[in-house]
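# Residue-level structural notes
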Amino acid sequence: MSANKSLTLYAASFVDELSKAGVRDAVISPGSRSTPMAMLMAEHPDLNIHVLIDERSAGFFALGMAKMQQRPVALLCTSGTAAANYYPAVVEAFYSRVPLLVLTADRPHELRDVGAPQAIDQMHLFGRYAKWFADMAVPEHTAELLQYGRTMAARAAGKAISSPSGPVHLNFPFREPLVPDLESEDLWTSLNSRPKQVQVTAGSSVIDVSEVQRLADLLSEEKKGLIICGELRDPDFAEAAVKLSSVLKYPILADPLSNLRTGSHDQSSVIECYDAFMKDEYITEQLKPEVIIRFGAMPVSKPLFLFLKRTADIRQIVVDGQGGWREPTLMAAEMIECMESWLCHELIKQVKIQEDTDWLQSWKKVNLVSRELLGSAEDKGGGLFEGNVFRELQHALPQKCHVIAGNSMPIRDLDNYFLNTEKDIALYANRGANGIDGIVSTALGMSTGAGTDHPTFLVIGDLSFYHDMNGLLAAKMHKLNLTIILVNNDGGGIFSFLPQSKEEKHFETLFGTPTGLDFKHAADLYEASYSLPETWGEFQSAVSDAVIKQGLNIIEVRTNRQTRVSIHRELMNRVSQEIRKKFFK
């Protein structure tokens, strides 16, 4: 049989088994060496392909798709430095537990390390950031190799979703000729009658009933407790957490990415303004708990993190259903590998129902004062105050939607100023490595699975937007729907909050980094609708208009980086003073 036929059936077996393993989408970066895999992915009836020219954007686009779908997405490129451009997205996928199947084409073994063009060492290219790596066999048309290709596809997809979820990397050495025979009658034929070559089933973690009882007894004895919830993608968790809170009478400190601040569940014990008042060590000392049970990733809030880090006498219990070690405070007394929702429901059965106490009410009262003050922030200094972006956006958003926050200031403003709401708003961010790269592409990838009844919004800073302007091409090429709220303070706003800001001599050059770019030109280049509201009324109208528009919408909000810090700090001081005056004289 010809080499072309061998390559065709080998690659087709792999692609077909990916589909049978539940992969529905493939993001393809154009190239020559990946031709057989790319053409067969395009030919497969059950795979949707998305072609993105820029590999870095493609990597984050695939990450966004996988984040939204909660299942593996294939990511394909040619040999050489193309694969290296996937590195930032692979790192983010590893730390944020997003299942990616990174498929890199390669030169065959005889062309490696001999000076052949577009040939680099791709073995373990992503190091420890790939959960699993395999250098695939060179294609052959034998029953064993076709079964091998199918088995490796199923294994890779299963490995990507096994706990903790993350990226896997398969490297494919292909010899020329590279064009597959798409007319082959047995293109998708398996060598056995099974619906799948191999069924890979991922497990879930639970703990022994005696351990549940021990934990229930411990929590039942402690009247002053906190439930802390970070990012966690489990649709059942919000209801489970608030029911546990209602039994224990523990307040819930809810990071925005926990999605406990949004939705129709009971939010009466959900505390969302803790970042504002926990900056005051005196207040946190008055509200100091005896025990903390924490679910999900470490929350965004730095004041909360510092509080957890300096209070060794509080018993901290960290629950992680995927068995990781997300505990940077080094103060945890217990690390429990167990499904979070399951544990909540089991604890509800076992713990003693607590009577209402001043403990929960104190947290609620302090939170209410903070809510009122955070909702009253005023614009000063001749510009719109960045902190009000999420407040105004929250009012204008439709009942159902997705909101992605960029890193640096947007995610922190989301934490500070996005208050509890009954709207069905799903909140996201790339908080694995916390980078500002690839955010536009991530949001566009997520928009592919959002549906027309759940419009997608991205709130992003100007430097992060500039980092990934290439990603906007995906919206134009694939006719995607996304509204971008571009917060433009002409530089790196977060550095104004850091000690470097006091060193005025080199601050603007090294950290402020103003670009002076007119982003309307970017909107024109990628055929996006563009608006520049000058008031919050105009902003809300622009958001409302964007909800019913198709395609890419860019709403630029120009703010004042120099006055931003003073307004925010003055507001935090008002929160602290008002709480001290009312409750802790």
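Going by the structure above, here's the rest.
What you see is a predicted model, and the numbers here were worked out from it, not measured in a lab. (Residues numbered from 1 in each chain as written. Predicted model: local features only at pLDDT ≥ 70, side-chain atom pairs only at ≥ 80, totals over all residues. Heavy atoms only, no water.)

When helices and strands are tallied, the protein chain shows 22 helices and 18 strands. A compact globule built from 585 residues should have a C-alpha radius of gyration of about 25 Å, and the protein chain, at 26 Å, falls within 12% of that. Projected onto its principal axes, the C-alpha positions of the protein chain cover 85 × 60 × 45 Å. Within the protein chain, buried positions represent 57% of all 585 residues. Taking the contacts inside the protein chain whose residues are at least 6 apart along the sequence as the reference set, 79% of them involve residues at least 24 apart. (Helix = DSSP H or I, 4+ residues; strand = E, 2+ residues; numbered from the N terminus. Rg over C-alpha atoms; globule rule 2.2 N^0.38 Å. Buried < 20%, exposed > 50% of the residue type's maximum accessible area, 1.4 Å probe, protein only. Contact = heavy atoms within 4.5 Å.)

What follows covers the packing of aromatic side chains. For the structure shown, the criterion picks out 13 aromatic pairs. Look at Trp536 and Phe539: their rings are 5.4 Å apart centre to centre, the planes differ by 90°, and that puts the pair in the edge-to-face class. Of the two residues, Trp536 and Phe539 both sit in helix α21 (residues 536-548), three residues apart, roughly one turn of that helix. Taken as a pair, Trp536 and Phe539 share a single burial class, namely buried. The structure contains a cluster of three or more aromatic residues connected by ring pairs, namely Tyr87, Phe94, Tyr95, Phe126 and Tyr129. (Phe/Tyr/Trp six-rings, centres within 6.5 Å; stacked < 30°, edge-to-face > 60°.)

By secondary structure assignment, the location of Arg107 is in the loop between β4 (100-106) and β5 (133-135). For the buried Arg107, no salt bridge is present, and the opposite-charge side chain at shortest range is Glu176, 6.2 Å distant. Polar contacts involving the side chain of Arg107 include one to the side chain of Ser79, which spans 3.2 Å. A polar side-chain atom of Arg107 sits 2.9 Å from the main-chain carbonyl oxygen of Pro117. (Lys, Arg positive; Asp, Glu negative; His and termini not counted. Salt bridge = Lys/Arg side-chain N within 4 Å of Asp/Glu carboxyl O. Polar contact = N/O pair within 3.5 Å; in protein donor to acceptor, adjacent residues only side chain to side chain.)

The next subject is the side chain of Ser57. Position of Ser57 among the secondary structure elements: in helix α3 (residues 55-69). Sequence-distant contacts of Ser57, that is, excluding residues within four places in its chain, are made with Leu52, Ser441, Asp468, Asn470 and Gly471.

So, on to the pattern of salt bridges. The final tally for this structure, using the stated rule, is 27 salt bridges. Note that Asp186 and Lys5 form a salt bridge whose closest N and O atoms lie 3.4 Å from each other. Taken together, the positions of Asp186 in the loop between β6 (167-173) and α7 (209-221) and Lys5 in helix α1 (residues 3-20) put the pair 181 residues apart, joining distant regions of the chain. One salt bridge in this structure joins Arg214 and Glu334, with 2.7 Å as the shortest N-O distance. Residue Arg214 is found in helix α7, and its partner Glu334 is found in strand β12 (residues 332-336); the two are separated by 120 residues along the sequence.

Attention now goes to the sheet that holds strand β14 (residues 424-428). As summarised here, the arrangement of the six strands in space is β14-β13-β15-β16-β18-β17, forming an open sheet in which the pairing is parallel. The open sheet has two edge strands with one neighbour each: β14 and β17 (529-531). In this sheet, neighbouring strand axes are inclined to one another by 20° on average, regardless of whether the strands run parallel or antiparallel. Two elements, strand β15 (residues 456-461) and strand β16 (residues 482-488), share five bridges in a ladder whose sense is parallel. Bridged to Gly461 within β16 is Val487. Helix α16 (residues 439-447) contacts β13 (400-405), β14, β15 and β16 of the sheet and is inclined by roughly 175° relative to β15. (Pairing = 2+ DSSP bridges. Axes fitted to C-alpha atoms, helices over the stretch in contact; angles between N-to-C directions.)

Burial of helix α14 (residues 388-396) is extensive: eight of the nine residues sit out of reach of the surface. Asn388, Val389, Phe390, Arg391, Glu392, Leu393, Gln394 and Ala396 are the residues of α14 that are buried.

The subject of this paragraph is the packing of α3 against helix α5 (residues 87-96). Put simply, α3 and α5 touch, their axes get as near as 7 Å, and they point 25° apart. Classified by the interaxial angle, the pair formed by α3 and α5 is roughly parallel. Residues Arg56, Gly59, Phe60 and Leu63 of α3 pack against Pro88, Ala89, Glu92 and Ala93 of α5. For the contact of α3 with α5, the class distribution of residues is five nonpolar, one polar and two charged. (Parallel < 35°, antiparallel > 145°, perpendicular 65-115°, else oblique. Nonpolar A, V, L, I, M, F, W, Y, C, P; charged D, E, K, R; others polar.)

With that settled, the discussion passes to the nonpolar core. Of all hydrophobic cores here, the largest spans 50 residues; its most connected members are Val27, Leu458, Phe465 and Ile484. Ranked by residues supplied to this core, first place goes to α3 with seven residues. Discounting chain neighbours no more than four positions away, the residues touching Val27 are His50, Leu52, Ala58, Phe61, Ala62, Met65, Val73, Ala74, Leu75 and Leu76. By size, the runner-up hydrophobic cluster in this structure holds 37 residues, among which are Ala26, Leu101, Ala134 and Met152. (Core = buried A, V, L, I, M, F, W, Y, C linked by side-chain atoms within 4.5 Å.)

The subject of this paragraph is the sheet that holds β12. One open sheet accounts for six strands, arranged β9-β8-β7-β10-β11-β12; its pairing is parallel. Looking at which strands have only one partner, the edges of the open sheet turn out to be β9 (270-271) and β12. Here three bridges tie strand β7 (residues 225-229) to strand β8 (residues 252-254), and the two strands are oriented parallel to one another. Each residue of the ladder has a partner; that of Ile228, found in β8, is Leu253.

Most of strand β10 (residues 291-295) is tucked away: five of the five residues are buried. Residue alternation in β10 divides its side chains into two sets, Val291, Ile293 and Phe295 and Ile292 and Arg294, and both sets are buried. Bridging between β7 and β10 involves five bridges; their strand directions are parallel. Following the sheet pairing, Ile228 is matched in β10 by Arg294. Where β10 lies against strand β11 (residues 315-319), five bridges are found, and the strand directions are parallel. Bridging across to β11, Arg294 finds its partner in Val318. Chirality of the crossover, the property in question, places the unit of β10, helix α11 (residues 302-310) and β11 among those that are right-handed. (Right-handed = clockwise from strand over helix to strand, strands pointing away.)

A word on the environment of Arg97. With respect to the helices and strands, the residue Arg97 is situated in the loop between α5 and β4. Counting along the chain gives 65 residues from Arg97 to Ser162, while the straight-line C-alpha distance between them is 9.9 Å. Residues contacting Arg97, with those up to four places away along its chain left out, are Glu92, Pro164, Ser165, Gly166, Asp320, Gln322, Gly324, Trp325 and Arg326.

This part is about the state of the cysteines. Between two cysteines, a covalent bond joining their sulfur atoms is known as a disulfide. All chains considered together, the criterion is met by zero disulfides. Here Cys273 is not disulfide-linked; the sulfur of Cys229 is the nearest cysteine sulfur, at 16 Å. Left without a disulfide partner, Cys338 is nearest to the cysteine sulfur of Cys344, which lies 9.1 Å away. (Disulfide = S-S within 2.5 Å.)

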